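Structural overview for review
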Amino acid sequence: MTQSVGFVPTMGYLHEGHCMLIRASKQENDITIVSIFVNPLQFGPTEDLVNYPRDIERDKNRLEAEGVELLFLPKDDDIYPNKISGMVTTVAVDEAFSSRACGTFRQGHFEGVATIVLKLFNIVEPNRAYFGLKDYQQFVLIQRMIHDLNLKVTLHGLPTHREPDGLAMSSRNTYLTEQDRVLAPMINKTLHEILPLLREGGSIADGRGIFESRLTDLSSRFRVQYLECYDRDFNPVTTIIEGERVLVTAVYLGDVRLIDNSLF
Ligand code: AMP
């Protein structure tokens, strides 16, 4: 009998959010493979590729403690032997999709994500793949890619794992100063504060205004990049009241860009 393979792709600097995905995979598969690869193709020229937090020894210990059978830890040259500039083929992402939310501000990001995930799927050949709903737009992109390109992998999306104070866990939280770490949970708290207003028929523009003013009243260190609302397939919506929605945001806290969302 062939063994089932569960796959958890990551960029490392592992935290409890990653471990949740790993535990789900271990429960449902014979073998779990975790990859750690900080993918240059999905970073813009002014983004944090070089400074992205890395600690492979710590990650290896964590994976061992979780009982992960296999770590795939490729080097840039393993993944891009002809360098990125030498690639002829990449995965194209529909412009309408990549001009929404994060895509508006991270040009080429989702093409980079789709391309690396497809490459990793082809290398690892998993039966099931585990992604976090914290990166909701990314999750929908992978869901669509699997559907559009007839990939033979089953996608599982797991809820956002949070610190006790509500901050969504992220490798990038390590960039926060001590003072900013105290402010950071206000992003999720404020997101939830405006949900009743939207449910009662308030416009997204009003919601954004309130979200922004509440955060910037708290501290001038907050700068809202976007607050947008979509249906669960990440299509734009005109009404909030009917159907399931996702409210997505990116907020700068000082120089650190944090994303969060709420499914409602
Ligand atoms: P990353 O290493 O940040 O690229 O994340 C690797 C995977 O872990 C992605 O599928 C993320 O959505 C997921 N992930 C990251 N943070 C969290 C979290 N706080 N809760 C759940 N999943 C997460």
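Residue positions are given per chain, counting from 1 as you read along its sequence in written order. Local features are withheld for residues below a pLDDT of 70 in this predicted model, meaning they are given only at 70 or higher, and side-chain atom pairs are given and counted only at 80 or more; totals for whole chains, interfaces and linings count all residues. Computation of side-chain values covers all heavy atoms of the structure but excludes hydrogens and water.

The helix count covers DSSP runs of H or I at least four residues long, the strand count covers runs of E at least two residues long, and both are numbered beginning at the N terminus. Each helix should span, by expectation, one fewer than its residue count multiplied by 1.5 Å. With 16 residues, helix α6 (residues 109–124) extends 22 Å from end C-alpha to end C-alpha; this agrees with the ideal 22 Å at 1.5 Å per step. All of the buried residues in α6 are H109, F110, G112, V113, A114, T115, I116, V117, L118, L120, F121 and V124. Burial classes follow relative accessibility: with a 1.4 Å probe on protein chains only, a residue under 20% of its type's maximum area counts as buried, one over 50% as exposed, and anything between as partly exposed.

A few words now on the pairing of strand β4 (residues 128–132). The pairing criterion for strands is at least two bridges between them, as found by DSSP. Pairing between strand β1 (residues 5–10) and β4: two bridges, direction parallel. Looking across to β4, one finds that F7 is bridged to A129. Pairing analysis gives five bridges linking β4 to strand β5 (residues 154–158), with the strands arranged parallel. Each bridged residue has a counterpart across the sheet, and for F131 the counterpart in β5 is G157. If the strands point away from the viewer and the path from the first strand over the helix to the second runs clockwise, then the crossover is right-handed. Once you follow β4 into helix α7 (residues 136–148) and on to β5, the crossover reads as right-handed.

A few words on the domain arrangement of the protein chain. Partitioning the protein chain into domains gives domain 1 (5–158) and domain 2 (171–263). Domain segmentation is taken from an automatic or database assignment of domains. Its C-alpha centre places domain 1 at a distance of 24 Å from the equivalent point of domain 2. Between domain 1 and domain 2, the contact holds 21 residues from the first and 19 residues from the second. Between domain 1 and domain 2, the buried area comes to about 1,800 Å², and carbon and sulfur atoms account for 56% of it. By the convention used here, residues are in contact when the closest approach between their heavy atoms is within 4.5 Å. Buried area: the accessible area, evaluated with a 1.4 Å probe, that two parts lose upon being put together, summed over both parts.

In a pair of packed helices, the angle between the axes and the distance between the axes together describe the arrangement. Between α6 and α7, the least distance of the axes is 10 Å, while the angle of their chain directions is 55°. Comparing the axis directions of α6 and α7 gives the class oblique. Two packed elements cross with a definite hand, and for α6 against α7 that hand is right-handed. Residues F110, V113, A114, V117, L118 and F121 of α6 pack against Q137, Q138, L141, I142, M145 and I146 of α7. In terms of residue class, the contact of α6 with α7 is made up of ten nonpolar, two polar and no charged. Here an axis means a line fitted to C-alpha atoms, over the contact stretch when the element is a helix, while the angle between two N-to-C directions is reported on a 0 to 180 degree scale. Put simply, angles under 35 degrees are roughly parallel, angles over 145 are roughly antiparallel, angles from 65 to 115 are roughly perpendicular, and the rest are oblique. Crossings are sorted by hand: turned counterclockwise from the far helix by less than a right angle, the near helix makes the crossing left-handed, and turned clockwise it makes it right-handed. All residues other than Ala, Val, Leu, Ile, Met, Phe, Trp, Tyr, Cys, Pro, Asp, Glu, Lys and Arg, Gly among them, are scored as polar; the first ten of these are nonpolar and the last four charged.

Phi at K83 is positive, roughly 65°, even though this residue is not glycine. Residue placement: K83 occurs in the loop between α3 (76–79) and α4 (95–98). Of note in the backbone geometry, E125 takes a positive phi value of approximately 50° without being a glycine. On the basis of relative accessibility, which here comes to 60%, the residue E125 falls in the exposed class.

On to the sheet that holds strand β2 (residues 31–36), then. Judged by pairing direction, the sheet is parallel, and its five strands sit side by side in the order β3-β2-β1-β4-β5 without closing on themselves. Two strands close off the open sheet at either side, each with one partner strand: β3 (70–72) and β5. Direction aside, the axes of adjacent strands within the sheet are offset by 25° on average. Where α6 meets the sheet, its contacts fall on β1, β2, β3 and β4, and the angle it forms with β1 comes to roughly 145°. Taken strand by strand, α7 contacts β4 and β5, and its axis lies near 170° from that of β5.

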